[in-house]
Amino acid sequence: MKRAADDPNVAAPSLDVKRLREDFPVLQRSVRGRPLVYLDSAATTQKPRAVIDAVARHYAEENANIHRGVHLLSELATTAYESAREKVRALLNAADVREIVFVRGTTEAINLVASSYGRGRVGSGDEVLITAMEHHSNIVPWQMLCEEMGARLRVAPIDDRGALDLEAFERLVGPRTKLVAVTHVSNALGTVNPVREIVAMSHARGVPVLLDGAQAVAHQTVDVQALGCDFYAFSGHKLFGPTGIGVLYGRAELLEAMPPWQGGGDMIASVTFEKTTYNVLPYKFEAGTPHIAGVIGLGAAIDYVQSVGLDRIAAWEDSLLAHGTALLEALPGVRLVGTAPDKAAVLSFVLDGVHAHDVGTILDQDGIAIRTGHHCAQPVMDRFGIPATARASLAFYNTLEELEALAAGLRKVAEVFA
Ligand code: C6P
C-alpha cells in the first residue's frame, strides 16, 4: 500500500508481534492439536483482551440504556457510547462527530445510503457506478435501488491483475451518474484502489462518492477529509472490535439533507399522530436501542489499534505480503489471483487440480484457518473464470512463520492430490 510509512526517510519502528499476539486470547489456543494459524482476518479479525474486557466491564458495571435515563448507570453508558463516537471521528479524521452514524456494519451502512440518499437522488434513467471488484454488499443494494427507480447500474472494469481500469472508470462517470460506490480495498483480490483519484474524477463531474472501507480501516490510516469522500463505511469486527457494530461516515451537509431511514425511538425530536419531527445528526439515523456494548467495544478496539500504530501495522503487513507472495509464487501449481501493484495483505490463489474447498479443509487439519469460496464477490470469480479461490488474509498479529506453515500445508495438499 502507498502510505506515509513508504517514505524511506520515515523509518517505521517494527512491531513486537510476539508480544502483541499475547493480547489476543484466541491466538493462544490450539486447533486439532496444532497451534492455531489464523489467516482469515478479512472475514473477521480476532479480538484483543482490551476489547473483550471493555464489553464485559460494560455489562458487569454500567449496563443501562442510553440517552434516556436520569440515573447514574444511564449517564455512564451514554458517556461511554458518545466517547466511542469521538474515537471513531478521530480515527477517520472526520470534521465533526455528527458525521459518525453507528450501524450494524458495512452492509447496513451501504443499505442506509442506498435507501435514504439513493431514493431521493436517483431517478429513472440515472446511473450508479461501481467497479467489477465489489463485495456483494456494494452491489446488491445498488441493484435493488436501480430496479426500484428505473436506474442503471454501471460497472467499471478491472484488468487481469485485478487493478481498476481508471481510464474506463473516468469515461463511465457521465451526466447521468448520481453516485459512485467503490471499495477502498478488495476483499477477494487485495487490490487497493486509487481512491483519491476516484474521488477527484467523480467530484469533477459533481458526483458524490461512497467508499467501502471494510478491508481498509484495520490496515492503514484513513483520513476521510484528505480522501474527500462523501460517505465511508466500515465494520467494527474487521477492526478487532465486536460483531454487529459498524460505522457510516457521511459529510454533514449530505446527511442533513437525507431523510431518516428507519423510524422509532431516539431518532425523533417530537411525535404526534399528525406529525413527527426528527432528531439532529447523527441520532436521526440511529433509531431504537443501539448496540451499546458493541460501540463501547469498538471504542476500545480503536484505542488498541492506535496504541499499536496504524503506520507500523501497515509496514509490517507489507513485509508479510511480500514474504507470503514469494512463498506462494515458488509453489508449483499455485496461481495468485489478484496481483495489482498496490495491494493489501490478502493472498487469494488457486491450486491446480484441487478445489479451493479441499485446500481449506486439508489446511484446517493442521490448524490453519483460511477462507475458501467466492468471498461474497461472485462477479470477481466470473471475471477470472474460476468458481472459487483459497484466501489467506492477514493482520498485524500474523508472523512470517505462519506463512511458512501455510506454504508447508499447501505442499501437503499438492501431495495428496498428486
Ligand atoms: N467481507 C470477507 O470474508 P459486513 O458483513 O457488513 O461486516 O461486511 C461486508 C463487506 C463489505 N465490503 C467488503 C469489501 C467486505 O470485505 C465485506 C465483508 C468478509 O471478505 C465477509 S463476506
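Residues numbered from 1 in each chain as written. Predicted model: local features only at pLDDT ≥ 70, side-chain atom pairs only at ≥ 80, totals over all residues. Heavy atoms only, no water.

Draft legend 1. Structural context of the environment of Ala-287. Residue position: Ala-287 is located in the loop between strand E12 (276–278) and helix H10 (292–308). What makes Ala-287 partly exposed here is its relative accessible area of 21%. When the C-alpha atoms of Ala-287 and Gly-263 are compared, they prove to be 5.8 Å apart, with 24 residues separating the residues in sequence. When neighbours within four sequence positions are excluded, Ala-287 is seen to be in contact with Gln-262, Gly-263, Gly-264, Gly-265 and Met-267. (Helix = DSSP H or I, 4+ residues; strand = E, 2+ residues; numbered from the N terminus. Buried < 20%, exposed > 50% of the residue type's maximum accessible area, 1.4 Å probe, protein only. Contact = heavy atoms within 4.5 Å.)

Draft legend 2. A look at the site of the ligand. Around the ligand lies a shell of 17 residues, among which Thr-107, Asp-212, Gln-215, Ser-235 and Arg-371 are the nearest. The backbone of Thr-106 places a nitrogen or oxygen atom 3.4 Å from an oxygen atom of the ligand. Take Asn-187: an N or O atom from its side chain is 2.8 Å from an oxygen atom of the ligand. Contact with the protein chains hides 87% of the accessible area of the ligand, taken as 510 Å² for the molecule alone. Mapping the ligand onto the cavity grids shows that it belongs to the second largest pocket. Among the residues making up the shell around the ligand, the classes are represented as four nonpolar, nine polar and four charged. Residue contributions to the shell around the ligand reach at least three from each of two domains, namely domain 1 (17–48 + 309–413) and domain 2 (52–306). (Near = heavy atom within 4 Å. Polar contact = N/O pair within 3.5 Å; in protein donor to acceptor, adjacent residues only side chain to side chain. Areas by Shrake-Rupley, 256 points an atom, 1.4 Å probe, with all protein chains shown as cover. 1 Å grid on protein atoms, 1.4 Å probe; cavity = no way out; pocket = protein on both sides within 12 Å on 5 of 7 lines; lining within 4 Å. Sits in = over half its atoms within 2 Å of the grid points. Nonpolar A, V, L, I, M, F, W, Y, C, P; charged D, E, K, R; others polar. Domains from an automatic or database assignment.)

Draft legend 3. Representation of the sheet that holds strand E5 (residues 127–131) in the model. Here seven strands make up an open sheet; going across it, the order is E4-E10-E9-E8-E7-E5-E6 and the pairing mixed. With partners counted over all chains shown, the strands left at the sheet margins are strand E4 (100–103) and strand E6 (152–156), one partner each. Across the sheet, the mean angle separating the axes of adjacent strands is 20 degrees when strand polarity is ignored. Note that strand E7 (residues 177–183) and strand E8 (residues 209–212) share four bridges and pair parallel. (Pairing = 2+ DSSP bridges. Axes fitted to C-alpha atoms, helices over the stretch in contact; angles between N-to-C directions.)

Draft legend 4. Representation of the domain arrangement of the chain in the model. According to the domain assignment, the chain contains domain 1 (17–48 + 309–413) and domain 2 (52–306). Spacing between the C-alpha centres of domain 1 and domain 2 amounts to 27 Å. At the interface, 42 residues of domain 1 touch 36 residues of domain 2. Summed over both sides, the interface between domain 1 and domain 2 buries roughly 3100 Å², with carbon and sulfur atoms accounting for 57% of that surface. Broken down residue by residue, the surface that domain 1 buries against domain 2 is led by Pro-48, Leu-310 and Arg-383, which jointly contribute 19%. Here domain 1 and domain 2 share one salt bridge between them. Between Asp-160 and Arg-383 there is a salt bridge, with its nearest N and O atoms 2.8 Å apart. At the junction of domain 1 and domain 2, the tally comes to 27 residue pairs in polar contact (both at pLDDT 80 or more). (Buried area = accessible area lost by both parts, 1.4 Å probe. Salt bridge = Lys/Arg side-chain N within 4 Å of Asp/Glu carboxyl O.)

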